[in-house]
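# Observations on chain architecture
Below are the chains, spelled out letter by letter.
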Amino acid sequence: MGYIKKTKTIFVCQNCSYQTLKWLGRCPDCNEWNTFVEETIEKKEEKKTHKKKLLPLNIATIESEEDRIITGMQEVDRTLGGGIVAGSIILIGGEPGIGKSTLMLQILTKISSNESVLYISGEESLSQLKLRYKRLNRDTTDKMFAISEIDLEKVISICEEIKPKVITIDSIQTMFSRELSSPPGSITQVREATMKLMLLAKKINSTIFIVGHVTKDGAIAGPRVMEHIVDTVLYFEGDKNNIFRILRANKNRFGSTNEIGVFEMQKKGLVEIFNPSEIFLSEKPENVAGSVVTATIEGTRPILIEIQGLVSISHFATAKRTILGIDQNKVALLIAIIEKRLAINLVGNDVFMNIAGGIKSNETALDLGIISALISSFLDKKIPDDTVVFGEVGLAGEIRAVNHIVLRISEIKKMGFKKCIIPFSNLKSVTEIKDIEIVGIKNISELMTNLF
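Keep in mind it's a predicted model, so treat the numbers as computed, not measured. (Residues numbered from 1 in each chain as written. Predicted model: local features only at pLDDT ≥ 70, side-chain atom pairs only at ≥ 80, totals over all residues. Heavy atoms only, no water.)

## As for the overall build of the protein
The number of helices and strands found in the protein is 11 helices and 23 strands. Dimensions of the protein, computed from C-alpha atoms along their principal axes, come out at roughly 80 × 55 × 50 Å. Expressed as a percentage of the 452 residues in the protein, the buried residues total 49%. Counted over contacts in the protein with a minimum sequence separation of 6, partners at least 24 positions apart contribute 67%. Accessible area for the protein stands at about 22,600 Å²; split by element, carbon and sulfur atoms hold 51% of it. (Helix = DSSP H or I, 4+ residues; strand = E, 2+ residues; numbered from the N terminus. Buried < 20%, exposed > 50% of the residue type's maximum accessible area, 1.4 Å probe, protein only. Contact = heavy atoms within 4.5 Å. Areas by Shrake-Rupley, 256 points an atom, 1.4 Å probe, with all protein chains shown as cover.)

## Things to note about helix α9 (residues 367-379)
Taking 1.5 Å of rise per residue, the 13 residues of α9 would be expected to cover 18 Å, and the 18 Å separating its terminal C-alpha atoms lies within 8% of that figure. The element α9 is largely enclosed, with a buried count of 11 among its 13 residues. Taken residue by residue, α9 has Asp367, Leu368, Gly369, Ile370, Ile371, Ser372, Ala373, Leu374, Ile375, Ser376 and Ser377 as its buried positions. Residue Asp380 follows α9 closely and has a positive phi angle near 55°. (Expected span 1.5 Å × (residues − 1).)

## Remarks on helix α8 (residues 328-341)
End to end, α8 covers 20 Å across 14 residues, agreeing with the expected 20 Å (1.5 Å per residue, within 8%). If you check which residues of α8 are buried, you get Lys330, Val331, Leu334, Ile335, Ile337 and Ile338. Here the buried residues of α8 occupy an arc of 160° about the axis, which is enough to place them on one side. Exposed and oriented more than 90 degrees from the buried face of α8 are Asn329 and Lys340. Where α8 is buried, its residues touch β17 (321-324), β18 (349-355), α9, β20 (392-393) and α11 (444-451). Directly beyond the C-terminal end of α8, a positive phi value near 55° is found at Ala343. (Arc of directions from axis to C-beta.)

## Structural notes on the nonpolar core
Among the nonpolar cores identified, the biggest contains 42 residues, and Met353 and Leu368 are the most heavily contacted of them. Looking at this core, the elements with two or more residues in it are β12 (244-252), β13 (260-266), β16 (301-313), α8, β18, α9, β23 (437-441) and α11. Per-element accounting of this core gives the leading share, six residues, to α9. In this view, Met353 contacts Ile307, Gln308, Gly309, Thr322, Ile323, Leu324, Val331, Ile370, Ala373 and Leu374; residues no more than four positions away in its chain are not counted. (Core = buried A, V, L, I, M, F, W, Y, C linked by side-chain atoms within 4.5 Å.)

## Topic: the pairing of β13
Summarising the sheet, β12 and β13 pair through five bridges and their orientation is antiparallel. By the bridge assignment for β13, Arg248 is matched with Ile260. Between β13 and strand β14 (residues 269-272), which follow one another and run antiparallel, lie two residues. (Pairing = 2+ DSSP bridges.)

## Observations concerning a nonpolar patch on the surface
Among the surface-exposed residues, Leu57, Ile59 and Ile62 lie close enough to one another that they form a single nonpolar patch of about 370 Å² accessible area. Residue position: Leu57 is located in the loop between β3 (36-46) and β4 (68-69). You can call Leu57 exposed: its relative accessible area is 66%. (Patch = residues over 30% accessible without salt bridge, like charges linked within 9 Å, V, L, I, M, F, W, Y side chains within 5 Å. Salt bridge = Lys/Arg side-chain N within 4 Å of Asp/Glu carboxyl O.)

## Describing the environment of Ala365
Checked against the element boundaries, Ala365 lands in the loop between β18 and α9. Spatially, the C-alpha atoms of Ala365 and Thr294 are 8.3 Å apart, while their sequence positions differ by 71 residues. Ignoring any residue separated from it by four or fewer positions in sequence, one finds Ala365 in contact with Thr294, Ala295, Phe390, Gly391, Glu392, Val402 and Arg408.

## Quick notes on the pattern of salt bridges
Per the counting criterion, the structure on display carries 17 salt bridges. The residue Glu124 makes a salt bridge to Arg132 at a minimum N-O spacing of 2.6 Å. When its relative accessible area of 10% is taken as the criterion, Arg132 is described as buried. Note that Glu153 and Lys196 form a salt bridge whose closest N and O atoms lie 3.1 Å from each other. Here Glu153 is found in helix α4 (residues 152-162), whereas its partner Lys196 is found in helix α5 (residues 187-204), with 43 residues between them in sequence. Glu153 gets classed as buried once you look at its relative accessible area, which sits at 19%. Look at the salt bridges and you will find they share partners, linking Asp151, Glu153, Arg178, Glu179, Glu192 and Lys196 into a network.

## Topic: the sheet that holds β14
The mixed open sheet is built from nine strands, whose spatial order is β8-β7-β9-β10-β6-β11-β12-β13-β14. For this open sheet the edge positions go to β8 (144-148) and β14, each flanked by a neighbour on one side alone. For this sheet, the mean angle separating the axes of adjacent strands, direction not counted, is 25°. In this sheet, strand β9 (residues 166-170) lies alongside strand β7 (residues 117-121) in parallel orientation, the contact comprising five bridges. Bridge pairing in β9 places Ile120 opposite Ile169. (Axes fitted to C-alpha atoms, helices over the stretch in contact; angles between N-to-C directions.)

## Looking at the packing of aromatic side chains
Each aromatic ring pair is described using two quantities: the centre-to-centre distance and the angle formed by the ring planes. Applying the stated criterion across every chain, the model contains three aromatic pairs. Measuring from ring centre to ring centre gives 6.2 Å for Phe236 and Phe263, while their planes differ by 70°; the resulting arrangement is edge-to-face. Of this pair, Phe236 sits in strand β11 (residues 232-237) while Phe263 sits in strand β13; the two residues are 27 residues apart in sequence, bridging distant segments of the chain. Look at Phe236 and you get buried, because its relative accessible area is 3%. Relative to Phe280, the ring of Phe244 has its centre 5.6 Å away and its plane inclined at 75°; by these criteria the two rings are edge-to-face. Of this pair, Phe244 sits in strand β12 while Phe280 sits in helix α7 (residues 276-281), and the two are 36 residues apart along the sequence. (Phe/Tyr/Trp six-rings, centres within 6.5 Å; stacked < 30°, edge-to-face > 60°.)

Here is the structure:
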């Protein structure tokens, strides 16, 4: 089969992969500045040859078995929807130093007790990898292999030869293909490497974990050319100054999305947290205004979290709005509702909000908790420690129903709380739940009556 090679130079945005024939200072697609890099591409025009005609198959006749590999880490298996699917490709991203490599090393160590695994490091030498392995105090197995290599063709050749059951590429930005002239980490190289690794996973029926760095905006570098190729996208979240880490599924072809796994970073690695509600509420202050417990749902898991609000008189012309863990636009919207529907003036006050424990959530059921924390701090009146508040708030001040109401209240009851304030329209779904006081409210005016 013959090829006619054509060389062409283009400029590619390293943030969104937008392509243009000339250099631009600002990308017209993502509006980022100075992101265009010149890359040389080669087009191959394949001559027409006679190929065997492919015919579609009736889906009822296709045989399929869901062969999952259990990692041995319950929080990881939960996030993936019950384990790793053989032949899949999984992208895991997070900030530098957040613990991605540590997590992958722990997962591979667990799996290597039953299956052969391969750790491909493009950022560390084998001696450096072994030092980290010793620090984590992991038991050595005879089915765990490692290699330090960035040449994509060599990596694929090695994988095809030994055919490990699970492979980790750490990281995708260090891999490069000799067929391309662009530098490692460029959009072209990342896209080519991801496509070839996807084909490798299907060919040898191995699961491949791809570690990806994130941009300054918190997205995996080159998301538009990677996320649609892979089967699962995981984000490893958390503050490096905080001991808690959250593994979140943003895309999963073989399970539900928005599932999370919770970990605690310790000296010897990541430790799974099976009851995150207890951990997040363990340091909740008692008898303090501006603190409220609310219930959120992450995937199918109910979690109780503490929302803290602080309202103080501003000494500047423009009041401050500092929000952590919650969407800032949502808080601004709820402040406007408070001012309009309850006639509470917060314009001249600084507002600070935080979700304790470093967790992030934008679920609508937090609305009532946010409003409760703000009003509590403004009035300097504490919310009873045995009370949990959750519900969605509309622009008219009405309280709207939320989903998974039984799961939320069951978790609240398990954690020992005595009273729960919920949307009135959800009351009919919880009539059989006993030993806890459940109050349904229709608007935020009724919230004031029941809390203060």
